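This is what each chain is made of:
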Amino acid sequence: MMGLEMELKKASEEMLSFANDPLNSHMLGGRSHIALASGCELFLKYITRCFLELPDFNECMAQILSRGQRFSDISLAARDRIAATGKAFIQPGARVLTHGWSSVVSSLLIQAAEDTHFEVIVLEGRPDASGAKAAKNFARAGIPATVVLDSAMAYVMERVDLVIVGAEGVVENGGIINKVGTYAMAIAAKELGKPFYVAAESFKFARLYPLNQSDLPVLGKGVAEHLNFVDTACWLSTGGMVGSRQKNGGDEKDEEHVPGLVSLPEDVKVENVLCDYTPAKYITLLLTDLGVLTPSAVSDELIRLYQ
Amino acid sequence: HKHKHKHKHKHKHTSTTMESAKPEKEKKPKKDIVIPPKKPKLSKAERRALQESQRAAKAEAADGGNASKKSSQLQQQSSPSDGNEANEKKNGNGNGNGNGASSDENMEGSSRNDTLTFFSHLPPYKDHRKIKDFSGVKLSSSSNSNLHPAVHALGLQYADGSIRGANSRCKAMFKTFQKVIQDYTLPLDTKKDYRQDLENRVLKPSFTYWTTKCRIHSVTMGNAFTFLKLAVANLGRDMVLEDVKSILCEGMDAYIHERIDFADVAICKYGSSKIMNGDVILTYAKNELIQMLLSNLDREKKKIRVILVDSRPLLEGKDMLQELMDAGVECTYILLNSLSYVMKEVTKVFLGASALMSDGSVLSRVGTATVAMMARSHNVPVLVCCETFKISNRVQLESITGNELGDPDDLMPPSLSLEEWKSSRGEHLRLVNLLYDLTPNEFVSGIVTEMGILPPTSVAVLLREMNPQDSGFKEEEF
């Protein structure tokens, strides 16, 4: 049993180091591996507990395999459960603001659209155009969607009725780690009195306790240098609006050919951070498959999950 | 008056007819009757104590003007001060007191009425010099002379401040109890349950002696004592005395090792995971746990600077400063006044605690709340390092209701001598030397315990998990 645990641990470490490798970052869709890490840890914890209860190897194995299957079913079912409770929060005629691409939020909004009539405002979501992708999905599902610049977030905040975002990870004090820009949105929402909801499955609850932005686990260290967002918007997200040439950096000559292209010299540093940390005090409620939780309840749940 | 009485009677009548099966209903206070102060609830012993204190005041009126002020004050503010005195006794009682000891407490402690009536619910400072005099005359109640000498010795150390700090006091208490239990002999009456005898004849009087005569007990001492009483109660009725002694002593050792020593190691591990290379750490006064945390960092990977804040009159930070410097940590030492000046350089604040309330507020050395508030206003994260055995099931809303008064003479400016100070003070100067304060949970970013780092809102969950005997809603009585 211990052997099995060791192998699984190695496997999860292997997966995480793979995810951490900057060259593989595009496979993750530019997102963090926190959910991956917490999911693995939870499963490993379950194995230890299972072993203590069923010392017989074969019984234990059977239990673990069935649990593993249930785990994957649960995460899919979790999304539906969150959508079922979450759609009650959207009143008819509401304007919902969201950020980035989250499958949980999408399923929530699409299911809610079956019952009520509302509209969605999405931030563009540079550098990976996740917002644009989300807007496409909403439009297909028949929800009227508006896309605005990331910088226009505070501008539209006064118009919206509520904010719903997903999460890469939910941390111990009830805060969340999500696509960069979520923190700013949460602060603006609090300031303007708009409720801020987070939709996340329970396997995303991680044993992290960030004190501030610099205290986050280093996510894909090489990614920052890799993704040069000054280029990306021109070529990848906007469908090559400015031209079909693939270019990295470039020299002065290109600025004449391609309108709007700014090529940066070497000594200008580019910091492309993927995720930020939103403290618990800005979050109104968390919509999870364990129910609707306040941020302070997250720690209680974590104590139970990891007991 | 009469009307009220009739009204009360009417209410009682209706409630008994409506809910005859619920006798508890009658105990609830009626909304339209003003709840009287504790005065009517004085027991016989407490009334006697009140009389004796008034007598003592009158006796001192023969000596000096101060006491006459006090006795006149006592007479003038009749019901509130009686209420306060009774409250004082009640609090003294509630804080671990036998009924008989309160008379002695008043006679020894309140030789001057220096504190504000605002703080008069707190027991006045007991001058340790008065306890040192062991002549049989001073120890008026006979139960005290039956105490083990180790108990007296520890009491002295508590009173004069040689043993300070929540952990040290608790450890010393258990060491002393181990000695006492080793020397315990069974009662002569063999029909008596030895557990009751041990608790009522040996353990409780010792604890009461420390709390009432020497220094009021800390939350850690209270929790540890509850643990000990539970251990005694869980012993078998027909156990051999040697087994009893070894079980109890081992239990106490295990408590100290698990809840304090090992917990400290775990806390250092979690705490140091939050310290990055280049951090400037601020800490306040003296705390052995924080000292251990800061000294044992891997200085290759994590080069930090420590700013140590200290305050009068105790200046406990000086010891901590010496220890940290001996460990090779780069330190800066300031007094509380310069806090706003250095706070902008600080990246993290680590604080110790004397006790943790169940809503996550922190009871600690006076001045801690100021440090936490200042850090909050500069957006500096505040981490409080606290073992779980310090969690109290009390909730305190501010620093005044549950606090301790220290020696008012400690506030004397260093330039004056004691005689100059006493003569220059005059009758209108009131001195308040508070020892603790409460840091609200809004100022605390995280609490580092041996269970990990938790938000302040989760302390109640910890209480339920770690100190199950404390989390039930029951009155504390020692």
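Residues numbered from 1 in each chain as written. Chains lettered and ligands numbered in written order. Predicted model: local features only at pLDDT ≥ 70, side-chain atom pairs only at ≥ 80, totals over all residues. Heavy atoms only, no water.

Caption draft 1: Quick peek at the overall build of chain B. For chain B, the helix and strand inventory stands at 18 helices and 10 strands. Residues classed as buried in chain B amount to 49% of the 478 residues present. By sequence separation, contacts in chain B at least 24 residues apart represent 78% of the contacts at least 6 residues apart. Carbon and sulfur atoms form 54% of the exposed surface of chain B, whose accessible area is close to 24,300 Å². (Helix = DSSP H or I, 4+ residues; strand = E, 2+ residues; numbered from the N terminus. Buried < 20%, exposed > 50% of the residue type's maximum accessible area, 1.4 Å probe, protein only. Contact = heavy atoms within 4.5 Å. Areas by Shrake-Rupley, 256 points an atom, 1.4 Å probe, with all protein chains shown as cover.)

Caption draft 2: Looking closely at the overall build of chain A. The number of helices and strands found in chain A is 11 helices and 10 strands. Counting across all 307 residues of chain A, residues that qualify as buried make up 46%. Total accessible area on chain A is roughly 15,500 Å²; 56% of this is exposed by carbon and sulfur atoms.

Caption draft 3: Structural detail: the interface of chain A and chain B. Between chain A and chain B, the residue contacts involve 14 residues of the former and 17 residues of the latter. Between chain A and chain B lies a buried interface of about 1,200 Å² when both sides are counted; carbon and sulfur atoms form 56% of it. Taken as a group, Tyr209(A), Leu211(A) and Ile303(A) account for 47% of the area that chain A buries against chain B, more than any other trio of residues on that side. Summed over the shared surface of chain A and chain B, the result is 1 salt bridge. (Buried area = accessible area lost by both parts, 1.4 Å probe. Salt bridge = Lys/Arg side-chain N within 4 Å of Asp/Glu carboxyl O.)

Caption draft 4: Spotlight on the sheet that holds strand β4 (residues 348-352) of chain B. Residues and elements named next belong to chain B. Reading across from one edge, β3-β2-β1-β4-β7-β9-β10 is the order of the 7 strands in this open sheet, with mixed pairing throughout. Taken across any chain shown, the strands that pair with only one partner, and hence form the sheet edges, are β3 (330-335) and β10 (452-454). The sheet shows a mean angle of 25° between the axes of neighbouring strands, taken without regard to direction. Note that strand β7 (residues 382-385) and strand β9 (residues 446-449) share 3 bridges and pair parallel. Bridge pairing in β9 links Leu 383 to Gly 446. (Pairing = 2+ DSSP bridges. Axes fitted to C-alpha atoms, helices over the stretch in contact; angles between N-to-C directions.)

Caption draft 5: Structural detail: the pairing of strand β4 (residues 162-165) of chain A. All names here are of chain A. The alternating pattern of β4 places Leu 162 and Ile 164 on one face and Val 163 and Val 165 on the opposite face, and all of these are buried. Where strand β1 (residues 95-98) lies against β4, 2 bridges are found, and the strand directions are parallel. Directly across from Leu 97, in β4, lies its bridge partner Val 163. For β4 and strand β7 (residues 196-199), the ladder comprises 3 bridges, and the chain directions are parallel. Pairing of Val 163 across the sheet is with Phe 196, part of β7.

Caption draft 6: Just the nonpolar core, in detail. All names here are of chain B. If you look at the biggest cluster of nonpolar residues, it comprises 37 residues, and the most contacted ones within it are Tyr 158, Met 173, Phe 174, Phe 177, Leu 203, Trp 210 and Leu 248. Breaking this core down by element, the ones donating at least two residues are α7 (149-159), α8 (166-182), α9 (194-214), α10 (219-233) and α11 (241-273). When sequence neighbours within four positions are dropped, the list of residues in contact with Met 173 reads Leu 154, Tyr 158, Phe 207, Trp 210, Met 221, Ala 224 and Phe 225. Residues Val 342, Ile 447, Leu 454 and Val 459 belong to the second largest nonpolar core, which totals 33 residues. (Core = buried A, V, L, I, M, F, W, Y, C linked by side-chain atoms within 4.5 Å.)

Caption draft 7: Representation of the pattern of salt bridges. Within the structure shown, the criterion is met by 20 salt bridges over all chains. For Asp215(A), the salt bridge identified is with Lys274(B), shortest N-O distance 3.1 Å. Of this pair, Asp215(A) sits in the loop between β7 and α8 (223-226) while Lys274(B) sits in the loop between α11 and β1 (280-284), which puts the two residues in different chains. Salt bridges here are not isolated pairs; linked through shared partners, they connect Lys192(B), Asp197(B) and Arg201(B).

Caption draft 8: Looking closely at the packing of α7(B) against α9(B). All names here are of chain B. One way to put it is that α7 packs onto α9 with a least axis distance of 10 Å and a crossing angle of 30°. Our classification of the angle between α7 and α9 gives roughly parallel. For the pair α7 and α9, the sense of crossing is right-handed. On α9, the residues that touch Val 151, His 152, Leu 154, Gly 155, Tyr 158 and Ala 159 of α7 are Ser 206, Tyr 209, Trp 210 and Cys 214. Of the residues belonging to the contact of α7 with α9, the class tally is 7 nonpolar, 3 polar and no charged. (Parallel < 35°, antiparallel > 145°, perpendicular 65-115°, else oblique. Left-handed = near helix turned anticlockwise from the far one by under 90°. Nonpolar A, V, L, I, M, F, W, Y, C, P; charged D, E, K, R; others polar.)

Caption draft 9: Spatial organisation of unusual backbone geometry. Residue and element names in this part refer to chain B. Cis geometry is adopted by the peptide bond preceding Pro 313, which originates at Arg 312 and carries an omega value of -5°. Among the secondary structure elements, Pro 313 is positioned in the loop between β2 (305-310) and α13 (317-326). Unusually for a residue other than glycine, Leu 315 sits at a positive phi of about 50°. Among the secondary structure elements, Leu 315 is positioned in the loop between β2 and α13. The class of Leu 315 is partly exposed, set by a relative accessible area of 25%. Despite not being glycine, Asn 379 has its phi angle at roughly 60°, a positive value. Inspection of the secondary structure assignment puts Asn 379 in the loop between α15 (368-377) and β7. On the basis of relative accessible area, Asn 379 is assigned to the exposed category, the value being 63%.

Caption draft 10: A look at the sheet that holds strand β6 (residues 362-365) of chain B. Residues and elements named next belong to chain B. Spatial strand order, β5-β6-β8: 3 strands in an open sheet with antiparallel pairing. Lying at the two open borders of the sheet, with one neighbouring strand each, are β5 (355-356) and β8 (436-439). Relative to β8, β6 runs antiparallel, the two sharing 4 bridges. Opposite Leu 363, over in β8, you have Leu 438 as the bridge partner.

Caption draft 11: Geometry of α13(B). Residues and elements named next belong to chain B. Buried within α13 we find Gly 317, Met 320, Leu 321 and Leu 324. All buried residues of α13 fall inside an arc of 105° around its axis, so they share one side. Looking at the buried positions of α13, the neighbouring elements they touch are β1, α12 (288-295), β2 and β3. (Arc of directions from axis to C-beta.)

Caption draft 12: Layout of helix α7 (residues 182-191) of chain A. Residues and elements named next belong to chain A. Buried within α7 are the following residues: Thr 182, Met 185, Ala 186, Ala 188 and Ala 189. Down the axis of α7, the buried side of the element spans an arc of 165°, and every buried residue falls inside it. Backbone geometry just after α7 places Gly 193 at a positive phi near 75°.

Caption draft 13: Geometry of the packing of aromatic side chains. Residues and elements named next belong to chain B. Applying the stated rule across the entire model yields 11 aromatic pairs over all chains. Each ring, one from Phe 207 and one from Phe 225, has its centre 4.3 Å from the other, and the planes form 10°; the classification is stacked. Remark: Phe 225 occurs in helix α10 and Phe 207 occurs in helix α9; sequence separation between them is 18 residues. The side chain of Lys 269 reaches across the aromatic face of Tyr 270, ending 5.1 Å from its centre. Directly above the aromatic system of Tyr 341 lies the positively charged group of Lys 344, at a separation of 5.0 Å from the ring centroid. (Phe/Tyr/Trp six-rings, centres within 6.5 Å; stacked < 30°, edge-to-face > 60°. Lys NZ or Arg CZ within 6 Å of the ring centre and 35° of its normal.)

Purely spatial values, then, with no claim about function.
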